[in-house]
Amino acid sequence: MTAWFRTLSVLNIEPLVDKVARNKLHNSGQSLSDYNCIICSRKVRKGNKLMVHCVNGSPYEIVKVNEPAENIHEAGDMGWWDIGPDCAKKLPEGYVGQGQEILN
Ligand SMILES: [Zn+2]
């Protein structure tokens with residue numbers, strides 16, 4: 001990782017991510033953005049609105065919900081990704097935000 005940019009609250013969730021499940025998902029032609037949990041790759045339930053904010057161009061680096069926008073490098077802002085309620089409990093406080101309720 002380069003040091004030219006630093007967001008204070010960055011947390012690397014890679015050790016928590018189920019890589020086998022994620023590869024399986026990608027090999028089946030689906031993607032995380034199809035309402036799959038960023039940690040375990042399982043579909044999140046209808047009604048779920050828990051999300052994490054990925055940065056630094058990485059699907060593994062997240063920032064706290066209240067990280068000021070000016071601290072986030074725009075080019076590397078990956079936006080918000082779904083996370084299931086069980087996996088959300090594995091993260092420290094402050095990293096899981098409320099997104100839009102999933103309707104389908
Ligand atoms: Zn999960």
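Residues numbered from 1 in each chain as written. Predicted model: local features only at pLDDT ≥ 70, side-chain atom pairs only at ≥ 80, totals over all residues.

A. Expanded view of the overall build of the protein. Secondary structure assignment for the protein yields two helices and five strands. Its helices and strands taken in sequence order, the protein reads β-α-β-β-β-α-β from the N to the C terminus. Its C-alpha atoms give the protein principal-axis dimensions of about 35 × 25 × 25 Å. Relative to its full complement of 104 residues, the protein shows a buried share of 24%. Here the contacts in the protein between residues at least 6 apart in sequence split such that 68% fall between residues at least 24 apart. (Helix = DSSP H or I, 4+ residues; strand = E, 2+ residues; numbered from the N terminus. Buried ≥ 20, exposed ≤ 12 C-beta atoms within 10 Å, placed from the backbone. Contact = placed C-beta atoms within 7 Å.)

B. Examining the pairing of strand E2 (residues 50-54) more closely. Within E2, four of the five residues are buried, leaving the element largely enclosed by the surrounding structure. Across two bridges, the pairing between E2 and strand E5 (residues 97-98) is antiparallel. Residue pairing in the sheet places Met 51 in a bridge with Gly 97 of E5. Where E2 lies against strand E4 (residues 79-82), four bridges are found, and the strand directions are antiparallel. Within E4, the position partnered with His 53 by the bridge is Trp 80. Linkage of E2 to strand E3 (residues 61-63), two consecutive antiparallel strands, is achieved through a turn of six residues, within which Asn 56 is found at a positive phi near 60°. (Pairing = 2+ DSSP bridges.)

C. Just the environment of Lys 49, in detail. Position of Lys 49 relative to the elements: it lies in the loop between helix H1 (19-27) and E2. When the C-alpha positions of Lys 49 and Asp 82 are compared, they lie 7.2 Å apart, and in sequence the two are 33 residues distant. Look past the residues within four positions of Lys 49 in its chain and what remains in contact with it is Gln 98, Gly 99, Gln 100, Glu 101 and Ile 102.

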